[in-house]
2 protein chains.
Amino acid sequence: MQFAQRLQNVETSAIREIFKLLGRPGIISFAGGFPDASLFDATGIAQATRRAIEQHPAAALQYGPTEGYQPLREQIARHMQTEGAQVQPQDLIVTTGSQQALDLLGKIMLSPGDKVLVEGPTFLATIQCFRLYGAEVISVPIDEHGVQTDALERLIVEHQPRLVYLIPTFGNPSGALLPLERRRKVLELAAAHQVLVVEDNPYGELYFDAPPPPSLLALSTEVAGSRDYLAYCGSFSKTLSPGLRLGWLVAPAALLANAVMCKQFSDANSSMLAQVSTSEYWQTGRQTATLRQVQQTYARRATLMGECLRRELGNALAFTQPQGGMFIWARLTGANGTSTDAAAFVQRAIAQGVAVVPGTPFYASAPDTATFRMSYATVAEDRIIEGVSRLARALG
Amino acid sequence: MQFAQRLQNVETSAIREIFKLLGRPGIISFAGGFPDASLFDATGIAQATRRAIEQHPAAALQYGPTEGYQPLREQIARHMQTEGAQVQPQDLIVTTGSQQALDLLGKIMLSPGDKVLVEGPTFLATIQCFRLYGAEVISVPIDEHGVQTDALERLIVEHQPRLVYLIPTFGNPSGALLPLERRRKVLELAAAHQVLVVEDNPYGELYFDAPPPPSLLALSTEVAGSRDYLAYCGSFSKTLSPGLRLGWLVAPAALLANAVMCKQFSDANSSMLAQVSTSEYWQTGRQTATLRQVQQTYARRATLMGECLRRELGNALAFTQPQGGMFIWARLTGANGTSTDAAAFVQRAIAQGVAVVPGTPFYASAPDTATFRMSYATVAEDRIIEGVSRLARALG
């Protein structure tokens, strides 16, 4: 059987390799990307789901509007307003996870051969998602503060991309936090070059000590014309539960109308059971305490992992201590004659009983082969200590 | 902002026109396509959802396998085995409604310019879904027994389509039931011409007096080589609840592997809350009684609507009494000087206070402008009687 040409653009073997790492018995895994299921508010969600079906059976169990359950759209809009973004319910649609928002953006924006700029490194599934629509995906270099805006400007001019995809706040895999001035610069570039910037923000609420700078969306009021070239993807997966499979997309009106049209033919609407349940949950206000516990737990684990890494691997490893999110992105420096080959390091780490993810697949182009990703989000503290000791033994 | 070329292939104004009809106050609507929400087993689903979260919180609230929740895959496979199809859990994936199965098939199979054959008329969202992948969608004529297999063969030879999409059992909008012999012929054509046939079967369980002939999937064991060119889309939306937003796709291994890959970048996985809840619900066995009540209610309404139409509109209307499903597809015959212009008829019907859907948008090509669709599924019996009286007055 002959398949569509677009499938030839996607390379999944690297991804499969990563997934294979996760299942080995006895291994301590820093390789995952999931939130910690033990922090989900199962009691609260169970109660909300019961109320959803008992009090709104026709809404929760029937087909719903492609745009999303209206009370939930209103709650999301209010929530984003409290974070400083000017968003009305009609400015957003509910999506089947933020992954679907990316898929819809690809379908709406990308014709074969179009170029897309992303952070190098960035979220793996974004690269593959856009490649499936025929895009050429190009990496923009980052540093410890996220995307380098001078390089971004140069590459926008050079490639005339159809869109720029960024995770400015506690990026995956970088963990980096884009400072306020670079955020302004990104918005100025969007307006000046009339290029769509997609702000993916699944981790923004997972800050540790202090809230991050305003989202690009919130800041866009300060940069004339930038809102017309800005889309925003939000998610309930890291703050409430990925099992609901809900996210949202904020976008300019014409883009959003096309997203609704494409979503109608992609899955008609997102699970109404999940949407009405999430709306009921949010009405209880329990999400505040749930989020606080997630923030505190991840902060503790991040601090511990950072301390262990500095103590055990010393200057053989370079990384920035994350201020939020789920990931530490690290680079083998080669100090004291250690190897900078992260792929080989990962193999030795697995042999020692600890899994991390090699960095190369996270690059759409020009990979830094000395990098790898660790997540502390799901790992108990004693396992973090032991896992980092094993990593140190893998330095060789 | 410039959007992707593929959006230019889709015409949504006809669909919007139809949706506008549904909201008018006081109107009796035969125009819908939803199942009757009052027949959903809200109590059973609420109980199943509670058990899902209480007993399987880590499964129901976390990310899950892209292929679907394994116990649910096993239940679906067993269910299909009882219907005569040889299906193992690894032969299917769970999808976000059967609409997502169609979207994945489009993504996997269709390159711009590829041809697709569908029944004329067929499910609107399929036409648009495939057009979004650049396909040229061509109608194959149907009669009261569904697709005309001689015409299908001729058009396969003429167009060399990438796939053939059929709803053989109680089609939407046709309501038609493809007889056993034509089913065999379809399978022979699939094998002989090595063309993928997609069997969409959301209505097959909604039979009235007697079960329909075996699905193409079940019959494929009798036609050598046909299974290699057969995909099957199932759905929980008409038998359990559309609010769960769950369906499934059975396909040959290589195609299914590509579906998993594409789904990973479309929505990662379908709502695990919905999947685990559905699995728990099915374990109770309550679906048998739920389905029986749906069958009996729709059967009663279909019988009544057919009687009323014959009595009130007589030979001005041609239609086949459905043996299952949700729809009556009718044709204005022009008898006794009545008009055969269904678009004008629909406008007069709305003026009389009853909504039906004009047939033209259901055709990918060569529409029969005398046709329209009625659904009896959600309409109480006294409203069916009154609604058909209004329709008769609209004959003019």
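What counts and what doesn't
- Residues numbered from 1 in each chain as written.
- Chains lettered and ligands numbered in written order.
- Predicted model: local features only at pLDDT ≥ 70, side-chain atom pairs only at ≥ 80, totals over all residues.
- Heavy atoms only, no water.
- Pairing = 2+ DSSP bridges.
- Helix = DSSP H or I, 4+ residues; strand = E, 2+ residues; numbered from the N terminus.
- Contact = heavy atoms within 4.5 Å.
- Axes fitted to C-alpha atoms, helices over the stretch in contact; angles between N-to-C directions.
- Core = buried A, V, L, I, M, F, W, Y, C linked by side-chain atoms within 4.5 Å.
- Buried < 20%, exposed > 50% of the residue type's maximum accessible area, 1.4 Å probe, protein only.
- Least-squares fit on C-alpha atoms with pLDDT ≥ 70 in both.
- Salt bridge = Lys/Arg side-chain N within 4 Å of Asp/Glu carboxyl O.
- Phe/Tyr/Trp six-rings, centres within 6.5 Å; stacked < 30°, edge-to-face > 60°.
- Domains from an automatic or database assignment.
- Buried area = accessible area lost by both parts, 1.4 Å probe.
- Polar contact = N/O pair within 3.5 Å; in protein donor to acceptor, adjacent residues only side chain to side chain.
- Nonpolar A, V, L, I, M, F, W, Y, C, P; charged D, E, K, R; others polar.
- UniProt positions renumbered as here; feature names shortened; annotations may be inferred.

The strands making up a sheet associate through hydrogen bonds between their backbones, and the pairing can be parallel or antiparallel. All names here are of chain B. With antiparallel pairing, the 4 strands of this open sheet are ordered in space as S10-S11-S14-S13. Looking at strand neighbours, the two that pair on one side only are strand S10 (317-319) and strand S13 (357-358), the edges of this open sheet. Here strand S11 (residues 327-332) pairs with strand S14 (residues 371-375) via 5 bridges, running antiparallel. In the strand pairing of S14, Trp329 is matched with Arg373. The strands that helix H12 (residues 287-313) touches are S10, S11 and S14; relative to S10, the one it contacts most, it runs at about 150 degrees.

Within the largest apolar cluster, 181 residues are counted, with the highest numbers of intra-cluster contacts made by Phe30 of chain A together with Phe30 of chain B. If you look at the next biggest cluster of nonpolar residues, it comprises 110 residues, including Ile142, Leu217, Tyr232 and Ala274 of chain A.

A few words now on the relation of the copies chain B and chain A. Overlaying chain B with chain A gives an RMSD of 0.0 Å, the required rotation being 180 degrees about an axis along which the chain moves by 0.0 Å. What the rotation and shift describe, once combined, is the action of a two-fold rotation axis. The residues that chain B uses at the interface reappear at the interface of chain A in 100% of cases, marking a shared surface.

For the rest of this paragraph, the subject is the pattern of salt bridges. A side chain with one charge may pair with a side chain of the opposite charge, provided their charged atoms come close. Applying the stated criterion to the full structure yields 28 salt bridges over all chains. Here Asp41 of chain A makes a salt bridge to Arg286 of chain A, at a shortest N to O gap of 2.8 Å. Here the residue Asp41 of chain A occupies a position in the loop between strand S1 (28-29) and helix H2 (42-55), and Arg286 of chain A occupies one in the loop between helix H11 (272-284) and helix H12 (287-313), the gap between them amounting to 245 residues. The partner of Arg184 of chain B in a salt bridge is Glu222 of chain B, and the shortest N-O contact between them spans 3.0 Å. Of this pair, Arg184 of chain B sits in helix H8 (residues 180-193) while Glu222 of chain B sits in the loop between helix H9 (216-219) and strand S8 (230-235), and the two are 38 residues apart along the sequence.

Here the focus is the packing of aromatic side chains. Given two aromatic rings, their pairing is described by the distance between the two centres and the angle made by the two planes. Inspection of every chain in the model, using the stated rule, returns 18 aromatic pairs over all chains. Ring centres of Phe34 of chain A and Tyr63 of chain B lie 5.0 Å apart, and the angle between their planes is 35 degrees; this geometry places the pair in the tilted category. Of the two residues, Phe34 of chain A is situated in the loop between S1 and H2 and Tyr63 of chain B in the loop between helix H3 (57-61) and helix H4 (70-82); the pairing between them involves two chains. Using a relative accessible area of 40% as the deciding quantity, one classes Phe34 of chain A as partly exposed. We classify Tyr63 of chain B as buried; its relative accessible area is 16%. Following the ring pairs from residue to residue traces out a cluster consisting of Phe236, Trp248 and Trp282 of chain A.

Our next topic: the pairing of strand S14 (residues 371-375) of chain A. Residues and elements named next belong to chain A. With 5 of its 5 residues buried, S14 lies for the most part within the structure. Every second residue of S14 is oriented toward a common face, with Thr371, Arg373 and Ser375 on one face and Phe372 and Met374 on the other, all of them buried. In terms of strand pairing, strand S13 (residues 357-358) meets S14 through 2 bridges, oriented antiparallel. By the bridge assignment for S14, Pro358 is matched with Phe372.

Moving on: the domain arrangement of chain A. Residue and element names in this part refer to chain A. Domain annotation of chain A identifies domain 1 (5-40 + 289-394) and domain 2 (42-284). Relative placement of domain 1 and domain 2: their C-alpha centres are 25 Å apart. Of the roughly 2900 Å² buried between domain 1 and domain 2, counting both surfaces, carbon and sulfur atoms make up 64%. Of all residues in domain 1, Phe40, Phe362 and Ala364 give up the largest surface area on contact with domain 2, accounting jointly for 20% of the area buried on that side. Seen at the junction of domain 1 and domain 2, the total is 0 salt bridges.

Glancing now at the interface of chain B and chain A. Size of an interface, as often reported, equals the accessible area lost when the parts are brought together. The interface of chain B with chain A comprises 70 residues on the first partner and 70 residues on the second. Both faces considered, chain B and chain A share a buried interface measuring about 5800 Å² in area, 66% of it formed by carbon and sulfur atoms. Ranking the residues of chain B by area buried against chain A places Leu61, Tyr63 and Phe265 of chain B at the top, with a combined share of 14%. At the junction of chain B and chain A, the tally comes to 2 salt bridges. Remark: the boundary between chain B and chain A carries 32 residue pairs in polar contact (both at pLDDT 80 or more). Mapped by element, the contributors of at least two residues to the side of chain B that touches chain A are helix H1 (13-22), helix H2 (42-55), H3, helix H5 (97-109), helix H6 (124-131), helix H10 (253-264) and helix H11 (272-284) of chain B. Of all the elements, H5 of chain B adds the most residues to the side of chain B that touches chain A, at 7 residues. A class-by-class count of the residues in the side of chain B that touches chain A yields 42 nonpolar, 20 polar and 8 charged.

Under the UniProt annotation, the feature "domain: Aminotransferase class I/classII large" (unreviewed entry) is placed at residues 45-391 of chain A. Along residues 45-391 of chain A, the helical share is 44% and the strand share 16%, with 37 Å between the first and last C-alpha atoms.

It is worth spelling out the sheet that holds S13 of chain A at this point. Residue and element names in this part refer to chain A. Read across the open sheet, the 4 strands follow the order S10-S11-S14-S13; overall the sheet is antiparallel. Looking at which strands have only one partner, the edges of the open sheet turn out to be strand S10 (317-319) and S13. Sheet topology places S10 next to strand S11 (residues 327-332); 3 bridges connect them, and they run antiparallel. Residue pairing across strands places Phe319 opposite Ala330, the latter belonging to S11. Together, S10, S11 and S14 form the strand contacts of H12, whose direction differs from that of S10 by roughly 150 degrees.

Residues and elements named next belong to chain B. By the element assignment, Glu153 lies in helix H7 (residues 149-159). Looking at Glu153, the relative accessible area reads 29%, which means it is partly exposed. With 36 residues separating them in the primary sequence, Glu153 and Leu189 have C-alpha atoms 6.8 Å apart. Excluding anything up to four places from it in sequence, Glu153 contacts Lys185, Leu189 and His193.

Another aspect to go through is the pairing of strand S8 (residues 230-235) of chain A. Residue and element names in this part refer to chain A. With 6 of 6 residues buried, S8 is to be regarded as a mostly interior element. Of the two faces of S8, both are covered, the one formed by Leu230, Tyr232 and Gly234 as well as the one formed by Ala231, Cys233 and Ser235. Two elements, strand S7 (residues 196-200) and S8, share 4 bridges in a ladder whose sense is parallel. Of the residues in S8, the one forming a bridge with Val198 is Ala231.

Our focus in this paragraph is the side chain of Asn201 of chain B. Residues and elements named next belong to chain B. Within the element layout of this structure, Asn201 appears in the loop between strand S7 (196-200) and H9. Within the structure, Asn201 has its side chain in polar contact with the side chain of Tyr232 (distance 2.8 Å). Beyond its immediate chain neighbours, meaning those up to four positions away, Asn201 contacts Thr169, Tyr232 and Cys233.

For the rest of this paragraph, the subject is unusual backbone geometry. Between Gly120 of chain A and the following residue, Pro121 of chain A, the backbone shows a cis peptide bond with an omega angle of 15 degrees. Here Pro121 of chain A shows up in the loop between strand S3 (115-120) and helix H6 (124-131). Here the residue pair Asn172 of chain B and Pro173 of chain B is connected by a cis peptide bond, since its omega of 10 degrees sits within 30 degrees of zero. By secondary structure assignment, the location of Pro173 of chain B is in the loop between strand S6 (163-166) and H8. At Ala268 of chain A, a residue that is not glycine, the phi angle is positive and equals roughly 70 degrees. The residue Ala268 of chain A is located in the loop between helix H10 (253-264) and H11 in this model. Judged by relative accessible area, Ala268 of chain A falls into the buried class, the value being 17%.

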